[in-house]
Amino acid sequence: MNLFKWMPAAILVVCGMVGTLTADDGLKMPHVRYQLDNGLNVILYQDDSIPMVAVNMWYHVGSGHEKLGRTGFAHLFEHILFEGSKNVPEGNFDIWLEEIGGNNNGSTTTDRTNYYEILPKHALELALFLESDRMGFLLEAMSQAKLDGQRDVVKNERRQRYENTPYGMVFPTMMEMLYPKGHPYSWPTIGYMEDLDAASLDDVKAFFQTYYGPNNASLVIAGDIEIDATKALVAKWFADIPRGNPVPPLGSVGARIDAEKRRVLEDDVQLERVTMAWHTPPAFGPGEATFEIMSALLAGGKNSRLYKRLVYDLQIAQQVSAFHWTKLQGCDFVISATARAGVSAAELEKVIDEELEKLKKEAPSAAEVQRVVNVSRAETLAGLQDLESIADALNRFFFYTGNPDYLGEWLGALSHVEPEDLSAMAQTYLRKDGRIVITVVPREKKAATEGGKP
Amino acid sequence: MSRFIRIFSILVVVTLLGSVTVGAVDRSKPELGEAQPFTAKPVQQFKLSNGLPVYFYAKPGLPLVSLKTWIGTGAAHETAGQYGLAALTATLMSEGAGGRDALALAEALEMLGAKLNVDSTDHSIVAGLNTTVAHLAAAGEIYRDVLLKPDFPEAEINRAKESRLNRMLQVYDNPYAIGMSVFFNQVYGDKHPYGRLDTMGWQDFQGLTRDHLTAFHQTHVHAGNMAVVVAGAIDATTLKAELEKLFGQVPAKKAVAEPTYKPLKPAKRRLLLVDKPGAAQSFIGIGHLGVALDDKDYVAVKVMNTILGGSFASRLNQNIREEHGYAYNASSHFIDRAAVGPFLALSNVQTDATAPAVKEFFNEFERMTKDVTESDVARAKNYLMLGYPSAFGAVDQISDLYSDLLDDGRPLSVPEHYTQAVAAVTLADVQRVAKKFLQPKNMLVVVVGDRAKVEKELKALKMGKLTIQSIEQALGEKPKKGAS
């Protein structure tokens, strides 16, 4: 049974997008949710549209929980979790999944680490065995060689994604500039090379024991499953893993920018780029839907304000983007624009500032907001078609709001963003003296402007 | 230290036992039930009154539908002096049509929550529309105009040309884009559409006019050169009526045959180093011509490649990433292309591991031709067959699958027979195709990296002639505005 078929309400929502929308649309993602005695949160979701199952485990720990001097550790640890555990010899995690047609991966953010498998339904138990073995029995099979091996891989991931990619250093620099030293979000999730070098086996043990207990995790199983049989399998593999100690909360340090901070990066690029970012309220707080809509209003599609000015009318930018970066303790709003050849980042910045001022002064029309809301809602639904995305969304909603079935409320919140909210939020949060600005310039150009320094 | 660890783990075990109920779990790998064979359901086929073929895959669930209109003409039809014309035509189709200007057109679709995208490949222009079923009629009318009545406004043509020139410039910054461009160019040559550098022909490109676009569109966009692929939660009768209304009147002409091209002749193994001073990693791309899509060994080659570099647990990734830690990943591909795609193995490796990594690639190619086991083959086959249902998740993923088949000139029944075809591959097949389709002595090695740090070691490999180029030597002079 496909549970997205559910409610006529769903069809109503999508059909009714041109008109006005009220309420939370009655959209549901019906699921079964419970907790094992050891604290593991379990969320089951049936969808038999294809004979596959997605298993999706979130550990509620990310780079924000790292210590200074050990940045990048949460992500390095994620890598180590694929290298085998007590009953899974090194290398077999992937081999066993591939030989039954499964795929798997994981990812780390500032707040959480996720692990997932997608596999044919007959093989569900294999994924539960693998996930439970690394949750309960990782250290028995840990070794210096595994740590060293993944350390090299992660250092190359850093090179590939950041150091050797055009504009790649903007993102790590942005995190450093947005938050004061020591703040959980003040270092890049990928970490610094010297900290990756410093990570030790003792760190692995301590991190595992502190953060990888069942009471700090949530498991979603979505797909062609039977509820009772799946519950029995979950109990079989997870119930006897002991509860861990209570997890220490994320170190909470205030973060406020009182004066604009600027930095110029040089890179091997042809086109200049400007990136600016501001603090916004914590995840799924009052600003979440507003800033989601704001990002599309400013830079989603040809009619968005910044695209239209910079790319379409003035033709001084090659590209512009805006996004709201959702994080537990506090989010960030980011705008980035790449200049056309011969145009400076400063010229783009001036136009961006003009557009932001305009938005602060004058609320957009209802029609403009409606257009953006319609796109955001459609994209949200279109992004929930495959099992992996559905499973991850249930875990994401659960982690940030406490309610896996937050979809309807989320769509409702998007629909309820008022034109005045956008102006008010822009006035409050997108202040010139409350932002960081990074410009990227071609290497030779910076050298020239700074009197030929290397 | 190790003693401490041992004591420590005993303590953990004791604690564990304390909390376990009677009859602790056997924690060895569980026995699984039988895998159920998966066969994709046949795609439904019908024709509109003008003969336009429609391929439809019903996908119940969310009330969404994805359309792909495939027009069988792309870059391969461009003559010298017109490089980029197919891509420019594709881009311009959604920049004003049926009297709506570019912004009004985008706005109308956005109000409907619909997404439209027109792309081009070497063999086609593909217009895609994702919409809710309820908005198919309204979004469909705009979609029809985009396909059949583009206005090609001069101002939009100039915008798109500027944008493309700037995108060409950005190729010079990106080691992956440089490496891929150079690899294809070296395997297929300047004249072959697969071999044209992304940056090639920018001077003439600036001279393309509205007349070129109009002529290209008139010649190639008609029912005799089109097919529509649909996936979604709609019934066939409703769909047929909608499509008849939209496209039933499009005249059918005779399609212009695509010129034929030949790749370059296989050459002896050689290395091409493109110097990117200061690069923290080297892009490595190694390969030669691959396998024809209608070759009887095609599926066996795919199984062989899965073992070599087609999955996480494949040999190349295990060697380059897991054993040596040279890179974040390594993979290999027999790329599907109508006129024989290439075999390409690639990775981005840390600079000081460049030469050793190249050597390991060739070790794995050699090993592949000598050492394959039944269990290697069984695992690869299962990986391909049993994971196949995942290709039928989202509606636009399904419409892509079938429009790619059209692009490749393959029958749309391929998915129905896919799992059986994989199941039929034997160990002997894999051993045979490894020897036939991997020719290490004729491979091209492209490296994009820091010459000062890698040249000496690459030479010392003595694997073949080493040519060194700057980025501009490899890609040609950087595009400049108005230099045509």
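Residues numbered from 1 in each chain as written. Chains lettered and ligands numbered in written order. Predicted model: local features only at pLDDT ≥ 70, side-chain atom pairs only at ≥ 80, totals over all residues. Heavy atoms only, no water.

Let's talk about the overall build of chain B
In terms of helices and strands, chain B carries 18 helices and 12 strands. Here the C-alpha coordinates of chain B stretch approximately 80 × 60 × 45 Å along the principal axes. The buried share among the 484 residues of chain B stands at 56%. Expressed as a percentage of contacts within chain B between residues at least 6 apart in sequence, the contacts between residues at least 24 apart total 81%. For chain B, the exposed surface amounts to about 20200 Å²; the carbon and sulfur share of it is 54%. Counting 53 positive and 51 negative side-chain charges, chain B places the centres of these two groups 6 Å from one another. (Helix = DSSP H or I, 4+ residues; strand = E, 2+ residues; numbered from the N terminus. Buried < 20%, exposed > 50% of the residue type's maximum accessible area, 1.4 Å probe, protein only. Contact = heavy atoms within 4.5 Å. Areas by Shrake-Rupley, 256 points an atom, 1.4 Å probe, with all protein chains shown as cover. Lys, Arg positive; Asp, Glu negative; His and termini not counted. Charge placed at Lys NZ, Arg CZ, Asp CG, Glu CD.)

Observations regarding helix H15 (residues 414–423) of chain B
Among all positions of H15(B), only B:Val414, B:Pro415, B:Glu416, B:Thr419 and B:Val422 are buried. Residues of H15(B) that are buried sit in contact with helix H10 (298–309), helix H13 (374–386) and helix H14 (395–407) of chain B.

Re the domain arrangement of chain A
Residues and elements named next belong to chain A. We note that the domain assignment places domain 1 (28–238) and domain 2 (261–449) within chain A. Of note, the centres of domain 1 and domain 2, computed from C-alpha atoms alone, are 28 Å apart. Counting the surface lost from both domain 1 and domain 2, the interface buries some 3600 Å², and carbon and sulfur atoms represent 71% of this. Our enumeration of links across domain 1 and domain 2 arrives at one salt bridge. The partner of Glu 176 in a salt bridge is Arg 263, with the nearest N and O atoms 3.6 Å apart. (Domains from an automatic or database assignment. Buried area = accessible area lost by both parts, 1.4 Å probe. Salt bridge = Lys/Arg side-chain N within 4 Å of Asp/Glu carboxyl O.)

Focus: the nonpolar core
Residue and element names in this part refer to chain A. In terms of nonpolar packing, the biggest core is built from 89 residues, with Met 294, Leu 310 and Ile 335 touching the most fellow members. If you tally residues by element for this core, the top one is helix H14 (residues 387–401), at nine residues. Contact partners of Ile 335, with chain neighbours within four places excluded, come to Val 274, Thr 275, Met 276, Trp 278, Leu 298, Leu 306, Ser 321, Ala 322, Ile 352 and Leu 356. Core analysis: the second largest hydrophobic core is formed by 56 residues, Leu 97, Leu 126, Leu 130 and Trp 237 among them. (Core = buried A, V, L, I, M, F, W, Y, C linked by side-chain atoms within 4.5 Å.)

Quick look at the sheet that holds strand E4 (residues 103–108) of chain A
Residue and element names in this part refer to chain A. Reading across the sheet, the six strands line up as E1-E2-E6-E3-E5-E4 and stay open at both edges, with mixed pairing between neighbours. The sheet terminates laterally at strand E1 (32–35) and E4, the two strands that pair on one side only. Taking the axes of each pair of neighbouring strands and ignoring which way they run, one obtains an average angle of 15° across the sheet. The pairing of strand E2 (residues 41–46) with strand E6 (residues 217–223) spans six bridges and is classified as parallel. Note on E6: the bridge partner recorded for Gln 46 is Gly 223. Across the sheet, helix H4 (residues 124–136) touches strand E3 (52–59), strand E5 (113–120) and E6, and the angle it forms with E3 is around 15°. (Pairing = 2+ DSSP bridges. Axes fitted to C-alpha atoms, helices over the stretch in contact; angles between N-to-C directions.)

A closer look at the packing of H10(B) against helix H12 (residues 354–370) of chain B
In a packed pair of helices, the relevant descriptors are the angle between the two axes and the axis-to-axis distance. All names here are of chain B. In contact at an axis separation of 10 Å, H10 and H12 are set at 135° when each is read in the N-to-C sense. With respect to H12, the axis of H10 lies oblique. In this structure, H10 meets H12 at a crossing whose hand is right-handed. Of the residues in H12, those in contact with Met 304, Ile 307 and Leu 308 of H10 are Glu 364, Phe 365 and Met 368. Of the residues contributing to the contact of H10 with H12, the split by class is five nonpolar, no polar and one charged. (Parallel < 35°, antiparallel > 145°, perpendicular 65-115°, else oblique. Left-handed = near helix turned anticlockwise from the far one by under 90°. Nonpolar A, V, L, I, M, F, W, Y, C, P; charged D, E, K, R; others polar.)

Examining the packing of H4(A) against helix H9 (residues 227–238) of chain A
Residues and elements named next belong to chain A. For the pair H4 and H9, interaxial distance at closest approach is 9 Å and the crossing angle is 30°. The orientation of H4 relative to H9 falls into the category roughly parallel. Note on packing geometry: the crossing formed by H4 with H9 is right-handed. On the side of H4, the interface is formed by Leu 124, Glu 125, Leu 128, Phe 129, Glu 131, Ser 132 and Met 135, while H9 contributes Thr 230, Leu 233, Val 234, Lys 236, Trp 237 and Phe 238. By residue class, the composition of the contact of H4 with H9 is eight nonpolar, two polar and three charged.

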